[in-house]
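Summary of structural features
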Amino acid sequence: MKKILSYGSLNVDIVYSMPHFVQPGETIAACKTEQFPGGKGLNQSVALSRAGAKVWHGGKISTEGKWLSDILEKSGVDVSFVSDSGSSTGTAFIQVAPSGENCIILNHGANYENTTEEIDRAFENFGAGDILLLQNEINLLPYLMEKATEKAMEIALNPSPIDEKLMQMDLSAVSYLILNEIEGETITGRKEPDEICRTLLDRYPDMKVVLTMGGEGAMYMDKDNSFRQNIFEVKAVDTTGAGDTFTGYFLAFVSEGSSVPEALKAASKAAAIAVSGKGAAASIPVRAEVMAAKLKEKG
Ligand code: RIB
């Protein structure tokens, strides 16, 4: 089985259940305030591991964030490359509306204090054919990509949250780009899913593009193949972490040799289950639950 190094953010998610999102100039009380483990990196590592992959997490917290690495460990993730020497653990302030939709404010904290020495140490344990998974919530992304390329590892990138820094990056070393429509439109300037994928493949012909399209499901495209997957219908409670669940499950399945359609199906089912529970990492299902779930596919 391929080894996966998931280098990414760990956040304390402070989740406010709101009657509606706060408007400019408005002050409203939350119906409920809860704290959950989160961070796109942590969530994706948990999803990979719960899907059955062998995963190591790299990243940084402060000593008060130790409970986050404990949760990773309890989920089966190796935390040898999580340092607790950061100044403050990353935080995400999340409003969740009754529809299950969210909006998020990030405070990067230690997620932006990773060093090249720590990264070098982590990479000593990986080699050709292993996979590096990244999102865009930590510093030193270009350095991480260079290291993976030197080692002939495959790179999977979830360019989320999208920003100017990421837009300027050369993505030619990325094997799997897993993104949503908004990120796709920001990177390519195209709106139509097919066009987003084709524009990315024009720029990066060897890339495998996985585009998630909310209620419209997901699509995959590489230079030879394209596949589509509908969503599975559930009542949305909290959509936070649904994309992370999808990414972790998709990558776990393709890395173990499953076909792309099988990986898309498992990822969509897992994301649907995650949406029907509260919290990000907290609602990521284990593989047995995903395989046993009898959910109705839309369309
Ligand atoms: O993708 C969801 C995650 O985004 C949350 O857990 C939050 O920490 C932010 O990073």
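Predicted model only: the values in this text are computed from it and were never measured. (Residues numbered from 1 in each chain as written. Predicted model: local features only at pLDDT ≥ 70, side-chain atom pairs only at ≥ 80, totals over all residues. Heavy atoms only, no water.)

Across a sheet, strands are paired by hydrogen bonds formed along the backbone, either parallel or antiparallel in direction. Reading across the sheet, the 9 strands line up as 5-4-1-8-9-10-11-12-13 and stay open at both edges, with mixed pairing between neighbours. With partners counted over all chains shown, the strands left at the sheet margins are strand 5 (78-83) and strand 13 (226-229), one partner each. Each strand axis lies, on average, 15° off the axis of its neighbour in the sheet, ignoring direction. By the bridge criterion, 2 bridges tie strand 9 (residues 154-157) to strand 10 (residues 176-180) in an arrangement that is parallel. Across the sheet, Leu 157 pairs through a bridge with Leu 177, a residue of strand 10. (Pairing = 2+ DSSP bridges. Helix = DSSP H or I, 4+ residues; strand = E, 2+ residues; numbered from the N terminus. Axes fitted to C-alpha atoms, helices over the stretch in contact; angles between N-to-C directions.)

Now for the site of the ligand. Around the ligand, 14 residues are found, and the nearest of them are Asp 13, Gly 39, Lys 40, Glu 137 and Asp 244. Measuring from an oxygen atom of the ligand, one finds a side-chain N or O atom of Asp 13 at 2.6 Å. Between the ligand and Asp 244, the relevant distance is 2.7 Å, taken from an oxygen atom to a side-chain nitrogen or oxygen of the residue. Isolated, the ligand exposes 280 Å² of accessible area, and the fraction of that covered by the protein chains is 96%. Going through the elements one at a time, strand 2 (11-17), helix 1 (40-50) and strand 7 (102-107) are the ones with two or more residues in the shell around the ligand. Residue composition of the shell around the ligand, by class: 4 nonpolar, 6 polar and 4 charged. (Near = heavy atom within 4 Å. Polar contact = N/O pair within 3.5 Å; in protein donor to acceptor, adjacent residues only side chain to side chain. Areas by Shrake-Rupley, 256 points an atom, 1.4 Å probe, with all protein chains shown as cover. Nonpolar A, V, L, I, M, F, W, Y, C, P; charged D, E, K, R; others polar.)

Here we take up the sheet that holds strand 6 (residues 90-96). One open sheet accounts for 4 strands, arranged 3-2-6-7; its pairing is mixed. Each edge of the open sheet carries a strand with a single partner, namely strand 3 (32-38) and strand 7. Within the sheet, the average angular offset between the axes of one strand and its neighbour, ignoring direction, is 20°. As paired strands, strand 2 and strand 3 are joined by 7 bridges and run antiparallel to one another.

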